[in-house]
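Commentary on secondary and tertiary structure
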Amino acid sequence: MPTEIDDEPLRKLGLKYPLVVAPMAGGPSTPELVIAASAAGALGSAGAAYSNPAAIVEFADKVRQRTDKPFAINLFIPHAAPPVDPAAVERAIAATAGYRAELDLPTPQFKAPFEEDFDSQFETILRIRPAVFSFVFGLLSADHTKAAREAGILLIGTATAPEEAQALEDSGVDAITLQGFEAGGHRGIFEPDGADPEIFLRDLLAQCRGKVRVPLIAAGGIMTASDIRATLAAGAQAVQLGTAFLATSEAGTSAPYRSELDAPKRKTRTTRVFSGRFARGIENRFMEEMTPKMDAVMPFPAQNKFTRDLRGASAAKGSPDFLSLWAGTGEGELWQGSTSELIRSLFAG
Ligand SMILES: Cc1cc2nc3c(=O)[nH]c(=O)nc-3n(C[C@H](O)[C@H](O)[C@H](O)COP(=O)(O)O)c2cc1C
């Protein structure tokens, strides 16, 4: 007997559409995108992983000044990382010295911490009390789960394999984002250096349906109204779209990134060269040239911090060469108008 799905947690949000506009840390998720998505009846999501507590508060204040609709804040679950070997740092610096010279960047003074302090970010979220806290890269601890529950915050975890979905359900989340291999951006794989299970969305949905009782939010390669209909018909309770919203007027996507997205067929693949974790993006010079030099790529999150100056300078120069051009496998031109019009068209009829 298939397990009955209890979709009450999602219904409680009172969304007009079963749509999550994906959290997209690193620029695309602006307050304006979250406001427009939530005000239009979807769930807007703040990608706050790279933000410190003050920036998270400022973001949430901006959203609340313009809408009283529910929205999500999203973070990365941290993992105990082994200390970065100085020889690995030397290799990384040597392999990228030419790029830094090209971009007029100094040799980086590279030291820990490599990421924001999760506990401080989480404490901030407890104080803000968004309707939803969503997360990737693992499980939320039992203490954090309890604290979020007491604050009345709904929890959405991310799974790339049925075992991860099961572990999330057991940990007490309210819903699960199933991220297919098609998805743009970081793969939500729990293990930072684990193999990618490379399960496409349809298979992942089929493997989780009937086993997991919490609502399933399907993500990866969904671009059109008919993709949405097909995904809901395949058993998802809601869908999550990222790439489709990257070129909207409210997204904070940089100009060279927008130019690379502006092609009917985007050639994407997954890579660890930008952050040390697998993520899907459009092929570019940094991806091509660094892929044969994986011994000069540090683990996550060290590599993520190490490439930040390259990515920032590349955007400032208007060049896509060193940008992480996250995008999913979905084809077709991206909508360049307003988020609200895109949402209405995705659910027209
Ligand atoms: C630019 C970009 C940034 C992303 N950043 C995040 C993030 O910060 N947190 C997260 O949970 N997912 C992130 N994702 C993944 C999305 O949540 C979602 O899985 C993905 O966009 C779905 O596939 P699609 O891009 O084909 O629609 C990001 C995706 C993109 C395209």
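Scroll up a little and you will see the structure.
Residues numbered from 1 in each chain as written. Predicted model: local features only at pLDDT ≥ 70, side-chain atom pairs only at ≥ 80, totals over all residues. Heavy atoms only, no water.

Here's the deal with the packing of helix 5 (residues 118-128) against helix 6 (residues 142-150)
For the pair helix 5 and helix 6, the least separation of the axes is 10 Å and the interaxial angle reads 15°. Looking at the two axes, helix 5 sits roughly parallel to helix 6. In this structure, the crossing between helix 5 and helix 6 has a hand that is left-handed. Judged by residue contacts, Phe118, Asp119, Phe122 and Leu126 of helix 5 engage His144, Ala147 and Ala148 from helix 6. Its residues placed into classes, the contact of helix 5 with helix 6 shows 5 nonpolar, 1 polar and 1 charged. (Axes fitted to C-alpha atoms, helices over the stretch in contact; angles between N-to-C directions. Helix = DSSP H or I, 4+ residues; strand = E, 2+ residues; numbered from the N terminus. Parallel < 35°, antiparallel > 145°, perpendicular 65-115°, else oblique. Left-handed = near helix turned anticlockwise from the far one by under 90°. Contact = heavy atoms within 4.5 Å. Nonpolar A, V, L, I, M, F, W, Y, C, P; charged D, E, K, R; others polar.)

Points about helix 5
Of the residues making up helix 5, those classed as buried are Phe118, Gln121, Phe122, Thr124, Ile125, Leu126 and Ile128. Where helix 5 is buried, its residues contact helix 3 (53-66), strand 3 (71-76), strand 4 (132-136) and helix 6. Downstream of helix 5 by a residue or two, arginine 129 has a phi angle that is positive, lying close to 50°. (Buried < 20%, exposed > 50% of the residue type's maximum accessible area, 1.4 Å probe, protein only.)

Thoughts on the sheet that holds strand 7 (residues 185-186)
Pairing is antiparallel in the open sheet, where 3 strands are placed in the order 7-11-10. If you trace the sheet from one side to the other, it starts and ends with strand 7 and strand 10 (268-271), each paired once. Relative to strand 11 (residues 279-282), strand 10 runs antiparallel, the two sharing 4 bridges. Residue threonine 271 lies in a different strand from strand 11, and its bridge partner there is alanine 279. (Pairing = 2+ DSSP bridges.)

Focus on empty space enclosed by the protein
Scanning all chains against the criterion turns up 1 cavity of 30 Å³ or more. In this structure, the largest cavity encloses a volume near 30 Å³. If you go around the largest cavity, the residues you meet are Arg187, Ile189, Glu191, Pro192, Gly194, Arg272, Arg277 and Phe278. Mapped onto the domain boundaries, the lining of the largest cavity takes at least three residues apiece from domain 1 (1-78 + 115-251 + 333-349) and domain 2 (85-114 + 267-326). (1 Å grid on protein atoms, 1.4 Å probe; cavity = no way out; pocket = protein on both sides within 12 Å on 5 of 7 lines; lining within 4 Å. Points joined across faces, edges and corners; volume = space filled by probe spheres on them. Domains from an automatic or database assignment.)

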